[in-house]
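Structure at a glance
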Amino acid sequence: MTTNARLLLVNGPNLNLLGTREPEMYGTSTLADVERLTAEVAESLGYQVRAIQSNHEGVLIDAIHEARADCAGIVINPGGLTHTSVVLRDALTGVSLPFAEVHISDVYAREEFRHHSYLHDVAAVRVIGRGVDGYADAVRELIARF
């Protein structure tokens, strides 16, 4: 494996509650399940995954900056930061790594404020409303672009 045969998996605020938070919307899979699924799919394609989840925007931005050193791309579910964070967008565009934006639920079938994404026009891949399987799809679609 080369040093760039790695993906950074970023999960934003409240995604640590997967499996217990609104299971009718997000399902019963946990964050550990998501990380395991993502790693398995990536490994089957010759990539490793480094995963981070934080409820703190600055921690996520630091991890994205660090990814420049050893990652080929990023898979990110920014959670609510999707709709509010210009600085997260700036971090993602600033590192010049292709990234996939993932949302477990169909944000377009939800409240109006969730329809706007600060990432949509700069993401290489967008996977929306496919449940946690969307992470696997995002990994496949992102790697296919390398």
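These numbers come from a predicted model, not from an experiment.

What counts as what
The residue count restarts for each chain, going from 1 along the sequence in the order it is written. Totals for whole chains, interfaces and linings use all residues, but because this is a predicted model, local features are given only for residues with pLDDT of at least 70 and pairs of side-chain atoms are given and counted only at 80 or more. Only hydrogens and water are removed before side-chain values are computed, so all heavy atoms of the structure are retained for them. Only DSSP runs of H or I reaching four residues or more are called helices, and only runs of E reaching two or more are called strands; each is numbered from the N terminus. When we talk radius of gyration, it's over C-alpha atoms, and the globule rule is simply 2.2 Å times the number of residues to the 0.38. Accessible area is worked out with a 1.4 Å probe on protein chains only. A residue is then buried under 20% of its type maximum, exposed over 50%, and partly exposed in between. Whether two residues touch is decided by their heavy atoms; if any such pair falls within 4.5 Å, the residues are in contact. When a carboxyl oxygen of Asp or Glu lies within 4 Å of a side-chain nitrogen of Lys or Arg, that pair is called a salt bridge. For the purposes of these results, a polar contact is taken to be a pair of N or O atoms within 3.5 Å, where, inside protein, one atom must be able to donate a hydrogen and its partner to accept one; residues adjacent in sequence count only when each atom of the pair is a side-chain atom. Strands are treated as partners if at least two bridges between them are detected by DSSP. Interaxial angle, 0 to 180 degrees, is taken between N-to-C directions of lines fitted to C-alpha atoms, where a helix line uses only the stretch in contact. Here a cavity denotes grid points, spaced 1 Å and computed from the protein atoms alone, that fit a 1.4 Å probe unable to get out, and a pocket denotes an open set having protein on both sides within 12 Å along at least 5 of 7 lines; residues with an atom within 4 Å of a point are the lining. Grid points are joined across faces, edges and corners, and a volume is the space filled by probe spheres set on the points. Any residue that is not Ala, Val, Leu, Ile, Met, Phe, Trp, Tyr, Cys, Pro, Asp, Glu, Lys or Arg is counted as polar, Gly included; the first ten are nonpolar and the last four charged.

All right, on to the overall build of the protein then. Scanning the protein from N- to C-terminus turns up five helices and five strands. The helix and strand sequence of the protein, counted from the amino end, reads β-α-α-β-α-β-α-β-β-α. Radius of gyration (C-alpha) of the protein: 14 Å, near the 15 Å computed for a compact globule of 146 residues. Taken along the three principal axes of its C-alpha coordinates, the protein extends 40 × 30 × 25 Å. Expressed as a percentage of its 146 residues, the buried residues of the protein come to 47%. When contacts within the protein are restricted to residue pairs at least 6 apart in sequence, those whose partners lie at least 24 apart make up 73%.

Once that is clear, we can look at the pattern of salt bridges. Evaluation of the coordinates by the stated rule reveals eleven salt bridges. Across the pair Glu101 and Arg126 runs a salt bridge, and its minimum N-O distance is 2.9 Å. Of this pair, Glu101 sits in strand S4 (residues 99-103) while Arg126 sits in strand S5 (residues 125-128), and the two are 25 residues apart along the sequence. By relative accessible area, which is 26% here, Arg126 ends up partly exposed. One salt bridge connects Arg140 with Asp137, and the closest N-O pair in it is separated by 3.3 Å. Of this pair, Arg140 and Asp137 both sit in helix H5 (residues 133-144), three residues apart, which is roughly one turn of the helix. Here Arg140 falls in the partly exposed class, since its relative accessible area comes to 43%. Counted as one network, the salt bridges with shared partners bring together Arg130, Asp137, Arg140 and Glu141.

With respect to the secondary-structure elements, Ser85 resides in the loop between strand S3 (73-77) and helix H4 (86-94). Overall, Ser85 belongs to the buried group, its relative accessible area being 2%. Here the side chain of Ser85 touches Glu57 through a polar contact of 2.3 Å, side chain to side chain. Excluding residues within four positions of it along the chain, Ser85 makes contact with Glu57 and Tyr118.

Strand order in this open sheet of five strands is S2-S1-S3-S4-S5, and the pairing throughout is parallel. Sheet topology places strand S2 (48-53) and S5 at the edges, where each strand pairs with a single neighbour. Ignoring strand direction, the axes of neighbouring strands in this sheet form an average angle of 15°. With four bridges connecting them, S4 and S5 associate as parallel partners. Counterpart to Val102 in the pairing with S5 is Val127. The strands touched by helix H3 (residues 57-67) within the sheet are strand S1 (6-11), S2 and S3, with S1 carrying the most contacts at an inclination of about 170°.

A word on the layout of surface pockets. Estimated volume of the largest pocket: approximately 200 Å³. Residue lining of the largest pocket: 16 residues in total, with Tyr26, Gly79, Gly80, Arg110 and Arg114 positioned closest to the centre. Along the lines of polarity and charge, the residues of the lining of the largest pocket split into five nonpolar, eight polar and three charged.

By themselves, these observations are geometric and do not establish any function.
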